[in-house]
Amino acid sequence: MNGSDSSSTDSGSGARRRSDATRSAILTAARERFAADGYERATIRAIARDARIDPSMVMRYFGNKDGLFAAAVALDLRLPDLTRVPPDEAGRALVTHFLSLWEENEELTAVLRVGATNQAGAERMQGIFRDQVLPVALQVCPDPEQVPTRAALCASQLLGLALTRYVLRLPPTVALHPEEIVAWLGPTVQRYLTAPSP
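Colleague: Which residues make up the overall build of the protein chain, and what values go with them?
Modeller: Scanning the protein chain from terminus to terminus reveals 10 helices and 0 strands. Taken over the C-alpha trace, the protein chain has a radius of gyration of 21 Å; the compact-globule value for 198 residues is 16 Å, which it surpasses by more than 25%. Its C-alpha atoms put the protein chain at 70 × 45 × 25 Å along the principal axes. Taken across its 198 residues, the protein chain has 41% of its residues classed as buried. Pairs at least 24 apart in sequence give 66% of the contacts found in the protein chain among residues at least 6 apart. Carbon and sulfur atoms make up 54% of the accessible area of the protein chain, which amounts to about 11,300 Å² in all. Of the side-chain charges in the protein chain, 22 are positive and 23 negative, and the distance between the mean point of each set is 6 Å.

Take a look at the structure:
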């Protein structure tokens, strides 16, 4: 290999390292800013200032605030181990857990809002479903081949609840007491998880 090839390779890897460092600095600044200010009040300009870069660089790497938020926020749903729950209580356990998460974590609401309108947000939600929800459904579903379908049906109920209660804020849904929500949705989620296939 001649010298120019070697220097070209070094220059390429150097540019990659700088690019990775810039991306990492933006994500670190974004996580801190979203945590401090919330999704609505955090601005690209403030995040760029915290990362000590030009705002146009944030747009170059992430497209817009939605894309940056989707990349920056790592959500651990801390889902319960359903093997430790009586089989006929799995639906109630999941609804109770998700409800407590939504009530405590504004980031979840923001991710849902972003996921409904932005490709990067949708991909983040799909990743959470694949990596966190599917393995939990696998613990109780009677047929492993049906796990993706059954888990998706569970998600339709839980995300529908979140959309109507925390994003759209439909008054009748907002007015429901958490225990009422568990009583209504628990059996439905249970059916999706464990009932015989129709």
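Once the structure has been displayed, the description carries forward.
Colleague: Describe the environment of Ile181, naming the residues involved and giving the relevant values.
Modeller: Inspection of the secondary structure puts Ile181 in helix H10 (residues 178–194). Along the sequence, Ile181 and Thr22 sit 159 residues apart, while their C-alpha atoms lie 44 Å from each other. Apart from residues no more than four positions distant in its own chain, Ile181 is found in contact with Val95, Leu99, Leu161, Arg165, Leu176 and Gly186.

Colleague: Could you give an account of unusual backbone geometry, with specific residues and numbers?
Modeller: Positive phi, close to 60 degrees, is recorded for Arg52, a residue that is not glycine. Relative to the helices and strands, Arg52 is located in the loop between helix H2 (44–51) and helix H3 (55–62). Phi is positive for Arg78, close to 50 degrees, though the residue is something other than glycine. Judged by relative accessible area, Arg78 falls into the partly exposed class, the value being 49%.

Colleague: A description of empty space enclosed by the protein should follow, citing residues and the corresponding values.
Modeller: A complete count under the given rule lists 1 cavity of 30 Å³ or more for this structure. Only helix H5 (90–104), helix H7 (119–138) and helix H8 (147–167) provide two or more residues apiece to the lining of the largest cavity. Counting residues per element, the lining of the largest cavity draws most heavily on H7, at 3 residues. In terms of residue class, the lining of the largest cavity is built from 9 nonpolar, no polar and no charged.

Colleague: Explain the nonpolar core residue by residue, including any values.
Modeller: Of all hydrophobic cores here, the largest spans 56 residues; its most connected members are Phe34, Leu68, Phe69, Leu77, Leu94 and Leu193. The element that contributes the greatest number of residues to this core is H5, accounting for 8 residues. Those residues within four positions of Leu77 in sequence are excluded, and the remaining contacts are His97, Phe98, Leu101, Leu108, Ile128, Gln132 and Val133.

Colleague: Give me the packing of aromatic side chains: which residues, what numbers.
Modeller: In this structure the tally under the stated criterion is 5 aromatic pairs. Seen from their ring centres, Tyr61 and Phe62 are 6.3 Å apart, and the 40 degrees between their planes marks the pair as tilted. Just as Tyr61 is buried, Phe62 falls in that class too. When the ring of Trp102 is compared with that of Tyr166, the centres are 6.1 Å apart and the planes differ by 15 degrees; the resulting orientation is stacked. Taken as a pair, Trp102 in helix H5 and Tyr166 in helix H8 lie far apart in primary sequence, 64 residues in all.

Colleague: Explain the state of the cysteines to me, using residue names and the numbers behind them.
Modeller: Overall, the coordinates contain 0 disulfides when judged by the stated rule. Summary of cysteine pairing: Cys141 is not part of a disulfide, and the nearest cysteine sulfur, belonging to Cys154, is at 6.9 Å.

The rules we used
- Residues numbered from 1 in each chain as written.
- Predicted model: local features only at pLDDT ≥ 70, side-chain atom pairs only at ≥ 80, totals over all residues.
- Heavy atoms only, no water.
- Helix = DSSP H or I, 4+ residues; strand = E, 2+ residues; numbered from the N terminus.
- Rg over C-alpha atoms; globule rule 2.2 N^0.38 Å.
- Buried < 20%, exposed > 50% of the residue type's maximum accessible area, 1.4 Å probe, protein only.
- Contact = heavy atoms within 4.5 Å.
- Areas by Shrake-Rupley, 256 points an atom, 1.4 Å probe, with all protein chains shown as cover.
- Lys, Arg positive; Asp, Glu negative; His and termini not counted.
- Charge placed at Lys NZ, Arg CZ, Asp CG, Glu CD.
- 1 Å grid on protein atoms, 1.4 Å probe; cavity = no way out; pocket = protein on both sides within 12 Å on 5 of 7 lines; lining within 4 Å.
- Points joined across faces, edges and corners; volume = space filled by probe spheres on them.
- Nonpolar A, V, L, I, M, F, W, Y, C, P; charged D, E, K, R; others polar.
- Core = buried A, V, L, I, M, F, W, Y, C linked by side-chain atoms within 4.5 Å.
- Phe/Tyr/Trp six-rings, centres within 6.5 Å; stacked < 30°, edge-to-face > 60°.
- Disulfide = S-S within 2.5 Å.

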